[in-house]
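# Examination of the molecular architecture
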Amino acid sequence: MKIAILSRNKNLYSTRRLVEAAQKRGHEVQVIDHLKCYMNITSKNPTMHYKGETLDGFDAVIPRIGASVTFYGTAVLRQFEMMGVYPLNESVAISRSRDKLRSMQLLSRKGIGLPVTGFARNPDDIDDLIEEVGGTPLVIKLLEGTQGIGVVLAETKKAAESVLQAFMGLNVNIMIQEFIEEANGADIRCLVIDGKVVASMKRQGAEGEFRSNLHRGGSAELIKITPEERATAIIASKVMGLNVCGVDMLRSARGPLIMEVNSSPGLEGIEKASGKDIADLMIKVIEKKVNQNVDNPNKTKTKGRG
Ligand code: ADP
Ligand code: MG
């Protein structure tokens, strides 16, 4: 097969591993910087261009689109979809998962465990919204934050009010969330591929840090998950419509609670913690789907699961 990897940098660990795994299985692979792609949208003949050349003949595309370029990156991916190239994760599923509020709303409909979450626009409603999520301490989050940046713990009502006012004044979208204290600064990342949890790790935040992100100094270790955690991760991947994703959960007194579903999970932490060849599993899923034509790209679901 001829596989495209949409990635801004071919030296990134995950990108390198995917190239390696694809080549090892006999595929031709090209790393393409999605920000340097440009498109011609012509009826019945959508085309993709890159550095003066026309990109053609790809069987599959692996999107590794960073959060800061979701709009352009998903547009490029969608163009590949329109050209009939099989996407390991679909553009619409990536957009869906990048918006934390939209994800929470879709997951709540399925009865999946979530921290109680509130969303508002009008500053006059702040007091009532704080009550709705059970008062302080609470967590305030930018809707499109990543790597722990834009996640704030407000321990008192005064602190919550001033942070909320500041964010609202900046005109950014935020949500507020019940603080799950018993998680003790740790969370669980389950890597789901094609409806199966293939590896899990526990991430522990640095001393005195409630955010467990590896980018914020957290550390990862292998963990055995419970059947309930496994089932929760699998349902979440289905609700989001992602073939490959990292499902992040907090261990709470009332069971697993989902915080977010990541459509471009980093491979380094999870491969090192689990000792598994995750890149190889991703390539195998592409082979299976393209051969079975299970998700016929011409029937892309880019038309509203929510
Ligand atoms: P990001 O997309 O920036 O990673 P997350 O929503 O995943 O944002 O939050 C970052 C980290 O903060 C999580 O991994 C978790 O450790 C901690 N965290 C987030 N929400 C809560 C919460 N409601 N209660 C306790 N800890 C939380
Ligand atoms: Mg996170």
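Keep in mind it's a predicted model, so treat the numbers as computed, not measured.

### As for the site of ligand 1
- Neighbouring residues of ligand 1: 21 residues in total, closest Lys100, Lys141, Gly148, Asn213 and Glu260.
- In this structure, an oxygen atom belonging to ligand 1 sits 2.6 Å away from a side-chain N or O atom of lysine 100.
- Within the contact set of ligand 1, a nitrogen atom lies 2.9 Å away from a backbone nitrogen or oxygen of glutamate 178.
- For ligand 1, whose accessible area on its own is 540 Å², the fraction buried by protein is 98%.
- Looking at the shell around ligand 1, the elements with two or more residues in it are strand E9 (138-146), strand E10 (149-154), strand E11 (174-178) and strand E16 (255-262).
- The dominant element in the shell around ligand 1, judged by the number of residues it contributes, is E9, at 4 residues.
- When its residues are assigned to classes, the shell around ligand 1 shows 8 nonpolar, 7 polar and 6 charged.

### Overview of the sheet that holds E16
- The strand order E14-E13-E12-E15-E16 describes an open sheet built from 5 strands, whose pairing is antiparallel. Single-partner strands in this sheet number two, and they are strand E14 (219-222) and E16. Averaged over all pairs of adjacent strands, the angle between strand axes in this sheet comes to 30°, irrespective of strand direction.
- Where helix H9 (residues 278-292) meets the sheet, its contacts fall on strand E12 (186-193), strand E13 (196-204) and strand E15 (244-252), and the angle it forms with E12 comes to roughly 35°.

The rules behind the values
Residues numbered from 1 in each chain as written. Chains lettered and ligands numbered in written order. Predicted model: local features only at pLDDT ≥ 70, side-chain atom pairs only at ≥ 80, totals over all residues. Heavy atoms only, no water. Near = heavy atom within 4 Å. Polar contact = N/O pair within 3.5 Å; in protein donor to acceptor, adjacent residues only side chain to side chain. Areas by Shrake-Rupley, 256 points an atom, 1.4 Å probe, with all protein chains shown as cover. Helix = DSSP H or I, 4+ residues; strand = E, 2+ residues; numbered from the N terminus. Nonpolar A, V, L, I, M, F, W, Y, C, P; charged D, E, K, R; others polar. Pairing = 2+ DSSP bridges. Axes fitted to C-alpha atoms, helices over the stretch in contact; angles between N-to-C directions. Contact = heavy atoms within 4.5 Å.

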